[in-house]
Amino acid sequence: LTALYGWRNPFPPRLAHAIGTLLLATLIVNGGLHLGLSGEEKQASNLALIVVAAGCFLLSFTWWIIAVASSIVSWVLISYAYIPSPDWILRCWKV
């Protein structure tokens, strides 16, 4: 939808980072839901890949910090709220 709207009515360049962060936020929500509903620790790699994509996509350090912090916060909240076993955290960090 954003691409269709932006095709006819171009977004101002000053909103580029805000729109990019909004798109990354939808990916974070999608990855977080997938992680929380599946319960598999392997799905945490989706959130890690979103952090890498944010580093490639966002050129502003402030917007990058917002995207990375929201990804980390979502991972912590999901891992402590939805994953039943506390050993899951240890398996993620290979401790």
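Described below are features of the structure shown in this document.

**Comments concerning the nonpolar core**
Stage number 1. Within the largest apolar cluster, eleven residues are counted, these being Leu24, Ile28, Leu35, Ala44, Leu47, Ile50, Ala54, Leu58, Ala67, Trp75 and Ile78.
Stage number 2. When residues of this core are traced back to their parent elements, those giving at least two are helix H2 (16-38), helix H3 (44-57) and helix H4 (61-81).
Stage number 3. Leu24 has contacts with Ile50, Ala54, Phe57, Leu58 and Ala67, leaving out every residue within four places of it along the chain.

**Here's the deal with H2**
Stage number 1. Along its 23 residues, H2 runs 33 Å from first to last C-alpha, staying within 8% of the 33 Å computed at 1.5 Å per residue.
Stage number 2. Buried residues of H2: Gly20, Thr21, Leu24, Ile28, Gly31, Gly32, Leu35 and Gly36, and no others.
Stage number 3. Once H2 finishes, Gly39 follows within two positions and takes phi at roughly 75°, a positive value.

**Quick word on H4**
Stage number 1. With 21 residues, H4 extends 30 Å from end C-alpha to end C-alpha; this agrees with the ideal 30 Å at 1.5 Å per step.
Stage number 2. Listing the buried residues of H4 in full gives Ala67, Val68, Ser71, Ser74, Trp75, Ile78 and Ser79. All buried residues of H4 lie within an arc of 125° about the axis, which places them on one face of the element. Set apart from the buried face of H4 by more than 90 degrees, the exposed residues are Phe61, Thr62, Leu77, Tyr80 and Ala81.

**Some points on the packing of H3 against H4**
Stage number 1. Where H3 contacts H4, the two axes come as close as 9 Å, and the packing angle between them is 175°. Considering the angle they form, H3 stands roughly antiparallel to H4. Where H3 abuts H4, its residues Ala44, Leu47, Val51, Ala54 and Gly55 lie against Trp64, Ala67, Val68, Ser71, Ser74 and Trp75.
Stage number 2. Taken together, the residues of the contact of H3 with H4 sort by class into eight nonpolar, three polar and no charged.

**Looking at the environment of Ala18**
Stage number 1. Relative to the elements of secondary structure, Ala18 occurs in helix H2.
Stage number 2. A relative accessible area of 29% places Ala18 in the partly exposed class.
Stage number 3. Spatially, the C-alpha atoms of Ala18 and Trp63 are 7.5 Å apart, while their sequence positions differ by 45 residues.

**Considering the environment of Leu27**
Stage number 1. Within the secondary structure layout, Leu27 lies in helix H2.
Stage number 2. With 19 residues separating them in the primary sequence, Leu27 and Asn46 have C-alpha atoms 9.0 Å apart.

Reading the values: rules and limits
- Residues numbered from 1 in each chain as written.
- Predicted model: local features only at pLDDT ≥ 70, side-chain atom pairs only at ≥ 80, totals over all residues.
- Heavy atoms only, no water.
- Core = buried A, V, L, I, M, F, W, Y, C linked by side-chain atoms within 4.5 Å.
- Buried < 20%, exposed > 50% of the residue type's maximum accessible area, 1.4 Å probe, protein only.
- Helix = DSSP H or I, 4+ residues; strand = E, 2+ residues; numbered from the N terminus.
- Contact = heavy atoms within 4.5 Å.
- Expected span 1.5 Å × (residues − 1).
- Arc of directions from axis to C-beta.
- Axes fitted to C-alpha atoms, helices over the stretch in contact; angles between N-to-C directions.
- Parallel < 35°, antiparallel > 145°, perpendicular 65-115°, else oblique.
- Nonpolar A, V, L, I, M, F, W, Y, C, P; charged D, E, K, R; others polar.

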